[in-house]
Amino acid sequence: MKEEDFIHLCQPDSGNSCGACCGLYNYADNTKDSLIRRLRNRTGLFRKIVKDMADLKAFSDRIKELESSEKLYEVIYCCEYLGFLDGEEKRVGCLLHPLQNDGVDMRDVSFYGKELCNGHFCPSYQFLSREEKLSMIRIVDDWYLYGLCITDIDLVKEYFRFISEGICGVPRPDRFEGKLRDIALRFFSLKISWPFRATDTNRFGKYYFDGLQYMISHIDYDALGCERSKFDKIFLSFTSRFSTLEELRRGEDIIRENIEEFIACYKMGAVGQL
Ligand code: SF4
Ligand code: SF4
C-alpha cells in the first residue's frame, strides 16, 4: 500500500477512535454506559497517580481490584491501559502512548509490549476498501459505534455491496453528508438498537462464546420455514434471533427500506449535480 493511500482507522480524526483490539468490547458487560464508567474511572486514576513508569504497577493493581474482569472470551486480553484521550470523552485510546505522556512511551509495560501495540493493524485495514474506510469515518462519529462497525467487515461490505448495486457504482465518500449520511448512520446504528437482537450476554455480532471458544451463531432458516435470507450476513452482524417467520420478514423490511431510501436519495443528489 502506498503511504498516501494509508488511512488510519484506529484514530482517524478528532471525533472517531477505536479500542477494539485492546479488548474494549470483550468485557461481559460491554454496554456503552458500562464502558464509559470503566474508561472514565481508570483515566481519572491514571491522571491522578501515574507521574512516571514507576507508578504503573500501582495503577494496574488498583484497576484489577476495582473492576470486574469477567470477559466474553477468556483468550482475548482486556488491557487496563485503555482510557479516554480527551476531556470530552470523545476518543478512546492508549493511556501509555507517548502523545499522552509528554513524549514518554510507556507501552513496554503492557501485556502485548510496545512493538505489538505500535505495529498491530487489524484485518479491516486490509479488507475494507479505501472508499469503505473513508465513508465509515464520515458516517460514524461516536467511538462506541465506530469501533463496533469498523471491525465488522461483513457488515460494512454487505451494506456497501447492496447500495453499490442500486446506484450502479461505488458511492463517493464525500457524498456521506446531510441526508445520505443520516440514512447510512441509521443503518449502522442498528448494530446497537436492532429490535431482533439476542439478549444473551455471551453473544457478540455473529459469534457466541462459551468462555474458551467462540463459534458462529447461525440462523436456523429450516425451523423458520424459509430460505436463507439475502440479508443473512447483516442479520448475523446484528446478533439476530428470530422467533417467527414474521419477525424475520420485518427484519428484512427494515434493512431493505434503508437501502432503498439511500439509493433513491443518492440518485436524486446525482441528478441534482448534473
Ligand atoms: S481493532 Fe483495528 S481499528 Fe480498532 S484499534 Fe485495533 S487495529 Fe485499530
Ligand atoms: S498498552 Fe497496548 S493493548 Fe493496552 S491500551 Fe495501549 S495499545 Fe492497547
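All values derive from a computational prediction rather than experimental measurement. (Residues numbered from 1 in each chain as written. Chains lettered and ligands numbered in written order. Predicted model: local features only at pLDDT ≥ 70, side-chain atom pairs only at ≥ 80, totals over all residues. Heavy atoms only, no water.)

Student: When you look at the pattern of salt bridges in this model, what are you seeing that I'm missing?
Tutor: If you walk through the whole model with that rule in mind, you get 19 salt bridges. Notably, a salt bridge pairs K157 with E132, separated by 2.7 Å at the nearest N-O pair. Placement of the pair is K157 in helix 7 (residues 153–167) and E132 in helix 5 (residues 130–139), with a sequence separation of 25 residues. For E132, a relative accessible area of 9% corresponds to the buried category. Between D253 and R256 there is a salt bridge, with the nearest N and O atoms lying 2.9 Å from each other. Here the residue D253 and the residue R256 both occupy positions in helix 11 (residues 245–272), the gap between them amounting to 3 residues, near one helical turn. We classify R256 as partly exposed; its relative accessible area is 29%. Each of R38, R42 and E67 takes part in a single network of salt bridges with overlapping partners. (Salt bridge = Lys/Arg side-chain N within 4 Å of Asp/Glu carboxyl O. Helix = DSSP H or I, 4+ residues; strand = E, 2+ residues; numbered from the N terminus. Buried < 20%, exposed > 50% of the residue type's maximum accessible area, 1.4 Å probe, protein only.)

Student: Is there a simple way to think about unusual backbone geometry in this case?
Tutor: A negative phi angle is the norm for most residues apart from glycine, just as the trans form is the norm for most peptide bonds. Phi at E89 takes a positive value of approximately 60°, unusual for a residue other than glycine. Relative to the helices and strands, E89 is located in the loop between strand 1 (82–84) and strand 2 (92–94). For E89, a relative accessible area of 22% gives the class partly exposed. Here the phi dihedral of C168 falls at roughly 55°; this positive angle occurs in a residue that is not glycine. Relative to the helices and strands, C168 resides in the loop between helix 7 and helix 8 (178–193).

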